[in-house]
Amino acid sequence: MSTFEGGRRVPRIMWAPGRSPADTVCDSLASTIDLLPMIAALTNKPLPDDRSIDGVDISSLLFGGAKSPREEFLYFNNGGLLEGSLSEIGSC
């Protein structure tokens with residue numbers, strides 16, 4: 001329950017032939033909470049409006065060249081301390 005390895009820098013492998021450029025590396029800031037908004041955007045489905053959605057659509061990161069819509073990501077660790085990550089240059 002910390003933000004050490006396994007928390008902030010977990011690699012993800014994506015495969016989308018014809019949509020995502022092969023052999024590219026993206027080091028932009030994203031999180032698993034961004035998957036719902038991304039999938040909703042890719043499938044042209046609305047997000048629920050009866051609750052707050054903390055994630056953002058990161059589908060542009062899949063298609064090369066875009067910068068993350070996040071500049072920071074703040075969260076509480078298991079000890080209740082506020083920690084975070086800053087998006088420095090981050091690119092795809």
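Examining the overall build of the protein
In terms of regular secondary structure, the protein is built from 2 helices and 2 strands. When the helices and strands of the protein are placed in sequence order, the string is α-α-β-β. Every one of the 92 residues in the protein was classed for burial, and the buried ones make up 24%. Long-range contacts, defined here as pairs at least 24 residues apart, represent 49% of the contacts in the protein between residues at least 6 apart. Counting only carbon and sulfur atoms, one obtains 55% of the accessible surface of the protein, whose full area is about 7,100 Å².

Quick notes on the confidence of the model for the protein
Predicted confidence across the protein gives a mean pLDDT of 76, with 67% of residues reaching 70 or more. In the model of the protein, strand β2 (residues 82-86) stands out as the element of lowest mean pLDDT, 62, in contrast to helix α1 (residues 35-42), which has the highest, 93.

What to know about the environment of C26
Structurally, C26 can be placed in the segment before α1. By relative accessible area, C26 is classed as partly exposed at 36%. Taking C-alpha positions, C26 is 7.4 Å from L61, a pair spaced 35 residues apart along the chain.

Points about the side chain of S59
Position of S59 relative to the elements: it lies in helix α2 (residues 59-62). On the basis of relative accessibility, which here comes to 11%, the residue S59 falls in the buried class. At a separation of 2.8 Å, a polar atom in the side chain of S59 contacts the side chain of D57. Ignoring any residue separated from it by four or fewer positions in sequence, one finds S59 in contact with M38, A41 and L42.

Thresholds applied
Residues numbered from 1 in each chain as written. Predicted model: local features only at pLDDT ≥ 70, side-chain atom pairs only at ≥ 80, totals over all residues. Heavy atoms only, no water. Helix = DSSP H or I, 4+ residues; strand = E, 2+ residues; numbered from the N terminus. Buried < 20%, exposed > 50% of the residue type's maximum accessible area, 1.4 Å probe, protein only. Contact = heavy atoms within 4.5 Å. Areas by Shrake-Rupley, 256 points an atom, 1.4 Å probe, with all protein chains shown as cover. pLDDT = per-residue confidence, 0-100. Polar contact = N/O pair within 3.5 Å; in protein donor to acceptor, adjacent residues only side chain to side chain.

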